[in-house]
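Letter by letter, the chains look like this.
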Amino acid sequence: MEPINKMRSFTIIRMPDVVQNFSKSASKDRIKYIILGCGSTGYNVAEELQQENEDLIIIDRDEKRVEDLRDRKYEAFVRDLRDPDFMKNLPVPEVAFILSNDKDANLAALKTVKTRFPATHVIARAVDPVSIDLLQKEGADIVLYPQKVVAKTAIHHIRRLHSSRLAMRLYDLLATWEGTLGIVTHINPDPDAISSAMALSMIAHHASNNALNCRILYEGNIGHQENRAFINLLEIKMERLTPQILEECDYLALVDSSAPGINNELAKTTRVNIIIDHHKNGEQPPAAVDFVDIRSGVGATASIMTQYLMELDIPVSMPVATALFYGIRADTRDFKRNVTPQDLNYAAFLLPLTDSELLDKITSPSISLETVEILGSAIRNRKIKSGYLFSNVGYIRNRDALPQAADLLIQLEGVNTALVYGIGDQNIIISARNKDIRLHLGNVMAEAFGSIGEAGGHATMAAAMIPLNYFTMVRNKEELLALIIDPILKRFTSIVGLDNEDKQDEI
Ligand SMILES: [Mn+2]
């Protein structure tokens with residue numbers, strides 16, 4: 001038998017004949033893929049590409065190997081990657097996979113390919129950590145170090161397994177329940193909390209085969225117009241949490257809130273069955289909870305809920321998808337705050353399922369009548385003194401209207417500082433705006449009202465809330481405000497030096 005080296009060179013010399021006789025791809029000028037070095041890694045790549053019907057040729061230095069490959073209908077040729085001429089008479093590849101287990105051969109092949117075909121994309125296999133650098137320096141577009149790829153894939157899979165186990169656990173738990181599940185959102189619920197409650201209710205119906213009746217419960221107010229538009233347009237049914245409803249619930253879940261009594265008005269000792277949240281509160285969740293998933297790294301609870309729906313392969317209805325998308329968007333302030341790649345991933349999953357017209361309507365809601373009325377009285381009742389505007393809007397139910405009124409009034413000509421105030425059920429509320437750079441409004445408000453309530457803010461915008469505890473004997477709120485507002489405001493006017501000026505010019 002001839003020595004192996006001689007046999008190889010003999011085969012290389014015969015290649016042009018082989019090309020002409022055997023091969024259709026190799027006779028072309030160009031080809032999509034070439035695999036250089038076809039051990040087990042190369043073979044697996046070849047199998048993948050062949051399944052996709054891709055054009056490819058294979059080079060290996062082992063004759064037996066090449067024969068086997070030809071038996072399997074691959075176009076394969078015996079050549080040595082270290083031979084600078086090994087690409088001779090072969091078409092120009094678009095992509096070269098350099099995958100032998102010989103690091104010097106891989107490096108030599110990379111040099112040859114990059115010199116002869118600079119436009120070819122090269123994916124090279126590093127046999128050890130040192131070759132990673134060498135291959136990168138020689139211009140490999142992608143360097144694979146299989147050991148690292150395996151490690152990364154293993155971790156990725158275990159993470160997915162963990163999260164799909166969580167989703168399965170929730171599903172299995174809900175599947176065993178029947179009766180009423182009360183889903184409690186945090187106080188003054190926002191779109192993240194509300195959409196998460198909707199998603200949980202959807203999972204519960206699916207898992208229990210409608211044996212569970214879900215009620216979405218809340219306390220506090222849904223003040224902001226956008227949030228009210230959200231609830232109205234998506235026709236979300238929510239009920240105010242009362243002791244009686246609590247009695248009627250067989251199970252309780254908390255969403256977007258990390259424990260009973262934290263950001264909700266449940267008694268701390270209330271037994272809850274499910275907690276799903278993304279807030280950190282530092283405390284351990286109560287021990288008796290059946291299912292807890294608190295992930296403080298995630299931008300929104302709606303992201304966690306979306307992941308469950310994906311993992312469980314539950315078809316997401318348009319209103320729930322729209323709500324969850326809006327929830328993620330609102331909690332991450334339009335994907336700008338605390339947003340993680342997962343949040344974006346789940347939002348991307350939801351986007352095609354949402355109703356974009358509805359999303360538009362939620363974000364540009366029409367102003368409520370009450371807000372218009374408050375804006376109206378703020379304009380009507382304004383009093384201006386030396387650039388300071390004061391306006392009493394009387395009794396208010398929706399306190400979100402107050403900052404909107406202040407925003408509007410600060411724009412009036414001749415006004416540098418605007419204070420708009422009204423009276424709510426338990427507090428006098430003041431909202432203030434400022435464009436006088438000499439004045440730090442937050443500090444002045446804190447100085448004036450900090451000792452009798454809560455007050456503070458920034459240089460240009462601030463607020464104060466003064467509890468009504470001391471004034472309860474007066475029945476009529478409007479009357480009360482008229483009685484007490486002057487001494488209260490005096491605290492402000494004396495600090496800014498307005499008391500010394502008696503000229504009051506109304507505009
Ligand atoms: Mn949230």
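Chains are numbered independently. Their residues run from 1 in the order of the written sequence. Given that the model is predicted, a residue must reach a pLDDT of at least 70 before its local features are reported, and side-chain atom pairs must reach 80 or more before they are shown or counted; all residues, however, enter totals for whole chains, interfaces and linings. Excluding hydrogens and water, the side-chain values take into account all heavy atoms of the structure.

A.B. asks: How should the overall build of the chain be read in this particular structure?
C.D. replies: Secondary structure counts use DSSP, requiring at least four H or I residues in a row for a helix and at least two E residues in a row for a strand, with both numbered from the N terminus. A count of helices and strands for the chain gives 17 helices and 18 strands. Within these notes, the globule rule equals 2.2 Å times the number of residues to the 0.38 power, and the radius of gyration is based on C-alpha atoms. For the chain, the C-alpha radius of gyration of 35 Å lies well beyond 23 Å, the compact-globule estimate for 507 residues. When its C-alpha atoms are laid out on the principal axes, the chain stretches across 115 × 60 × 40 Å. A 1.4 Å probe rolled over the protein chains alone gives each residue an accessible area, and that area as a share of the maximum for its type sets the label: buried under 20%, exposed over 50%, partly exposed in between. Looking at the 507 residues of the chain, the share that counts as buried comes to 48%. When contacts within the chain are restricted to residue pairs at least 6 apart in sequence, long-range pairs at least 24 apart make up 61% of them. A 1.4 Å probe and the Shrake-Rupley method give the accessible areas. Residues count as covered only by the protein chains that appear here. Taken as a whole, the chain presents about 26,500 Å² of accessible surface, with 51% of it coming from carbon and sulfur. Asp and Glu count as negative and Lys and Arg as positive, but His and the ends of the chain are not part of the count. To locate a charge, the coordinates of NZ of Lys, CZ of Arg, CG of Asp or CD of Glu are taken. Distance between charge centroids for the chain: 5 Å, based on 55 positive and 67 negative side chains. Residues are treated as being in contact if the distance between any of their heavy atoms lies within 4.5 Å.

A.B. asks: For this particular structure, what's the right way to read the sheet that holds strand β14 (residues 388-395)?
C.D. replies: Paired through their backbone hydrogen bonds, the strands of a sheet run either parallel or antiparallel. Should DSSP find at least two bridges between two strands, the strands are taken to pair. Taken together, six strands build an open sheet; the order of strands is β13-β14-β15-β16-β18-β17 and the sheet is mixed. The open sheet has two free edges, formed respectively by β13 (382-385) and β17 (454-457), since each of these has just one partner strand. The sheet shows a mean angle of 15 degrees between the axes of neighbouring strands, direction not considered. When β14 meets strand β15 (residues 417-423), the two strands line up parallel, connected through seven bridges. Across the sheet, F390 pairs through a bridge with L419, a residue of β15. Only the stretch in contact is used when fitting a helix axis, every axis being a line fitted to C-alpha atoms; angles between N-to-C directions are given from 0 to 180 degrees. Packing against the sheet, helix α16 (residues 441-449) makes contact with β15, β16 (427-434), β17 and β18 (461-467), and its axis sits at approximately 15 degrees to β18.

A.B. asks: Sorry if this is basic, but what is going on with the nonpolar core here?
C.D. replies: Soluble globular proteins: nonpolar side chains tend toward being buried together. Counting residues in each nonpolar core, the largest one holds 57 residues, and the members touching the most others are L174, L181 and Y308. Counting 27 residues, the second-largest nonpolar core is a separate cluster that includes Y388, I428, A432 and I485. In these notes, a set of buried Ala, Val, Leu, Ile, Met, Phe, Trp, Tyr and Cys residues joined through side-chain atoms within 4.5 Å is what counts as a nonpolar core.

A.B. asks: Just checking my understanding: could you explain the coordination of the manganese ion for this structure?
C.D. replies: Six octahedral donors around a metal ideally make angles of 90 or 180 degrees; four tetrahedral donors ideally make 109.5 degrees. The coordination sphere of the manganese ion, as far as protein atoms go, consists of D192 (OD), D256 (OD), D256 (OD), H278 (NE2) and D331 (OD), spread over 2.1 to 2.8 Å. Donors, by definition, are the N, O and S atoms found within 2.8 Å of a metal, the threshold being 3.2 Å for Na, K and Ca, and water is not counted, so a site can look incomplete. Along the chain, the residues that donate to the manganese ion are spaced as D-x63-D-x21-H-x52-D. A residue pair is termed long-range when its members are at least 10 positions apart, and H278 in the loop between β11 (274-277) and β12 (291-294) and D331 in helix α11 (residues 318-331) qualify at 53 residues. D331 matches H278 in its accessibility class, with the two residues each being buried.

A.B. asks: Teacher, can you tell me more about the domain arrangement of the chain here?
C.D. replies: Accessible area lost upon the coming together of the parts is a frequently used measure of interface size. The source of the domain bounds is an automatic or database domain assignment. Each assigned domain of the chain is listed here: domain 1 (4-144), domain 2 (162-363) and domain 3 (369-500). The C-alpha-based centres of domain 1 and domain 2 are spaced at 54 Å.

A.B. asks: Any chance you could explain the packing of aromatic side chains here in plain terms?
C.D. replies: Given two aromatic rings, one states the distance between the centres and the angle between the planes to describe the pair. Working definition: rings of Phe, Tyr and Trp (its six-membered ring) pair if their centres are within 6.5 Å, and the pair is stacked with planes under 30 degrees apart, edge-to-face with planes over 60 apart, and tilted otherwise. The final tally for this structure, using the stated rule, is eight aromatic pairs. Members of the aromatic cluster, joined through ring pairs, are Y388, F390 and F492.

A.B. asks: Just to check I follow, could you spell out the environment of L489 for this structure?
C.D. replies: Counting through the fold element by element, L489 comes out in helix α17 (residues 477-496). L489 gets classed as buried once you look at its relative accessible area, which sits at 7%. Along the primary structure L489 and A259 are separated by 230 residues, whereas in three dimensions their C-alpha atoms are 40 Å apart. Apart from residues no more than four positions distant in its own chain, L489 is found in contact with F390, L419 and Y421.

A.B. asks: Help me out: how do you make sense of the pairing of strand β8 (residues 212-218) in this one?
C.D. replies: Each regular strand displays side chains that alternate between the two surfaces of the sheet. For β8, the buried fraction is high: six of the seven residues fall into the buried class. Bridging between strand β7 (residues 179-184) and β8 involves six bridges; their strand directions are parallel. Following the sheet pairing, T180 is matched in β8 by N213. Regarding topology, helix α7 (residues 191-208) serves as the crossover connection from β7 to the parallel β8, and that connection is right-handed. Pairing of β8 with strand β9 (residues 239-240), which is carried by two bridges, proceeds in the parallel orientation. Its bridge partner lying in β9, Y218 is registered against R240. Handedness is read with the strands pointing away from the viewer; a crossover is right-handed when the path from the first strand over the helix to the second is clockwise. Taken together, β8, helix α8 (residues 225-233) and β9 form a β-α-β motif whose crossover is right-handed.

A.B. asks: Would you mind showing me how to read the sheet that holds strand β1 (residues 30-36) here?
C.D. replies: Strand order in the open sheet formed by six strands is β3-β2-β1-β4-β5-β6, and the pairing between neighbours is parallel. The open sheet terminates on both sides in strands that have one partner only, identified here as β3 (75-78) and β6 (142-144). With strand direction ignored, the average angle separating the axes of adjacent strands in the sheet is 20 degrees. Of the strand pairs in this sheet, strand β5 (residues 121-125) and β6 are connected by three bridges, and their pairing is parallel. Bridged to I123 within β6 is I142. Across the sheet, helix α2 (residues 40-51) is in contact with β1, β2 (56-60), β4 (92-98) and β5; its angle to β1 comes to roughly 150 degrees.

A.B. asks: What's the story with the packing of α7 against α8 in this structure? I'm lost.
C.D. replies: Packed helices, taken two at a time, are described by the angle between their axes plus the distance between the axes. The N-to-C vectors of α7 and α8 enclose an angle of 20 degrees; their axes lie 10 Å apart at closest approach. Taken as axis vectors, α7 and α8 run roughly parallel relative to one another. Relative to α8, the crossing made by α7 is right-handed. Here P191, I194 and S195 of α7 lie close against α8, whose contacting residues are N227, F230 and I231. Across the contact of α7 with α8, the residue classes break down as four nonpolar, two polar and no charged. Each angle is binned into one of four classes, with values under 35 degrees roughly parallel, values over 145 roughly antiparallel, values of 65 to 115 roughly perpendicular, and all other values oblique. Crossing handedness: left-handed means the near helix sits turned counterclockwise from the far one by under a right angle, and right-handed means the same turn made clockwise. Residue type decides the class: Asp, Glu, Lys and Arg count as charged, Ala, Val, Leu, Ile, Met, Phe, Trp, Tyr, Cys and Pro as nonpolar, and the leftover types, Gly among them, as polar.

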